[in-house]
Amino acid sequence: MAVELADIEHVVQIIAQTAVDNEAYFGELDSVVGDGDFGYSLARGFEIVLADWDDLDRTDAATFLQKIAMIITGRIGGTSGPLWGTAFLRAATAIRAQDVLDGLAVLAMLDGAVAGIQARGGAALGDKTLLDSLVPLREAIAAGIADGATSQEVADAAAIAARTSAEATSTLQARRGRAAYTGERSIGSPDAGALAVAVIAEQVAAQWSDRLPRSA
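An account of the accompanying structure is given in this report. (Residues numbered from 1 in each chain as written. Predicted model: local features only at pLDDT ≥ 70, side-chain atom pairs only at ≥ 80, totals over all residues. Heavy atoms only, no water.)

1. Let's talk about the overall build of the protein
When helices and strands are tallied, the protein shows 9 helices and 0 strands. For the protein, the N- to C-terminal ordering of α and β elements is α-α-α-α-α-α-α-α-α. The C-alpha radius of gyration computed for the protein amounts to 16 Å, which stays within 12% of the reference 17 Å derived for 216 residues, consistent with globular compactness. In terms of principal-axis extent, the alpha carbons of the protein reach across some 45 × 35 × 30 Å. By residue count, 50% of the 216 residues in the protein fall in the buried class. Taking contacts inside the protein between residues at least 6 apart in sequence as the whole, the part at least 24 apart equals 69%. Of the accessible surface of the protein, which amounts to about 9,800 Å², a share of 53% is contributed by carbon and sulfur atoms. The distance from the centre of the 16 positive side-chain charges to the centre of the 29 negative ones in the protein is 7 Å. (Helix = DSSP H or I, 4+ residues; strand = E, 2+ residues; numbered from the N terminus. Rg over C-alpha atoms; globule rule 2.2 N^0.38 Å. Buried < 20%, exposed > 50% of the residue type's maximum accessible area, 1.4 Å probe, protein only. Contact = heavy atoms within 4.5 Å. Areas by Shrake-Rupley, 256 points an atom, 1.4 Å probe, with all protein chains shown as cover. Lys, Arg positive; Asp, Glu negative; His and termini not counted. Charge placed at Lys NZ, Arg CZ, Asp CG, Glu CD.)

2. Side note on the packing of helix α2 (residues 23-31) against helix α9 (residues 192-207)
The contact between α2 and α9 brings their axes to 9 Å, and the two run at 150 degrees. One finds that α2 runs roughly antiparallel with respect to α9. Between α2 and α9 lies a crossing of right-handed hand. In this structure, α2 uses Y25, F26, L29 and D30 to contact α9, whose residues at the interface are A192, L195, A196 and V199. In terms of residue class, the contact of α2 with α9 is built from 7 nonpolar, no polar and 1 charged. (Axes fitted to C-alpha atoms, helices over the stretch in contact; angles between N-to-C directions. Parallel < 35°, antiparallel > 145°, perpendicular 65-115°, else oblique. Left-handed = near helix turned anticlockwise from the far one by under 90°. Nonpolar A, V, L, I, M, F, W, Y, C, P; charged D, E, K, R; others polar.)

3. Thoughts on the packing of aromatic side chains
Taken as a whole, this structure holds 5 aromatic pairs when the rule is applied. Aromatic side chains F26 and F38 sit 6.0 Å apart centroid to centroid with 40 degrees between the ring planes, which places their arrangement in the tilted category. Remark: F38 occurs in helix α3 (residues 38-51) and F26 occurs in helix α2; sequence separation between them is 12 residues. With respect to class, F26 is no different from F38; both count as buried. With a centroid separation of 6.3 Å and 80 degrees between ring planes, the pair formed by F46 and W84 is classed as edge-to-face. Linking F46 in helix α3 with W84 in helix α5 (residues 80-94), this pair joins segments that are 38 residues apart in sequence. (Phe/Tyr/Trp six-rings, centres within 6.5 Å; stacked < 30°, edge-to-face > 60°.)

4. Here we look at the side chain of K128
If you trace the backbone, K128 turns up in the loop between α6 (103-121) and α7 (131-146). Despite its burial, K128 remains without a salt bridge, the nearest opposite charge being carried by D191 at 6.8 Å. Of the polar contacts made by the side chain of K128, one reaches the backbone oxygen of L172; its length is 3.0 Å. For K128, the side chain forms a polar contact with the main-chain oxygen of S189, separated by 2.5 Å. (Salt bridge = Lys/Arg side-chain N within 4 Å of Asp/Glu carboxyl O. Polar contact = N/O pair within 3.5 Å; in protein donor to acceptor, adjacent residues only side chain to side chain.)

Shown next, in the form of structure tokens:
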């Protein structure tokens, strides 16, 4: 699966626009057991990404992602900024020395993002965080690449995995973040971060073919 800088730009732009478009929805999800500022914080940071879009450094994919990380870390408040910023920064670091971007590079970026989130937030699978959606998404992408699936098929499978896993967080008790203070009351509602990953993945899959034609 060939990947180009334009593909990465396309995904990041979808992430940013989805965060802005779903500000109220993500906030409502977070308000069930959190403080309700997740949607607002995410939208404010990604608004800057979109506003500065034409001026972002596109020397290479790693530089581009690092710039995104800097904006997010500096503009998104609460715990979301450090987590999402670290995810983008680790993704950038993972491909800095790679001359060729392909399916393995995508996995490297995701592995970097997951490791960064784990290190920054101390979360693990089952703690009811965005990792419970992001890791299954990564596994679905890895399976698709191994099977020789097209990039659209990989995107579709990733979206399904993310949605299924995000909804399954309803059965979990939160062990990280503000929601952890609610104890067993956190059981019965999905994690806002995990659902945000799912919504973003679905938008990426739905809009994947909107990019300029390039190799699958």
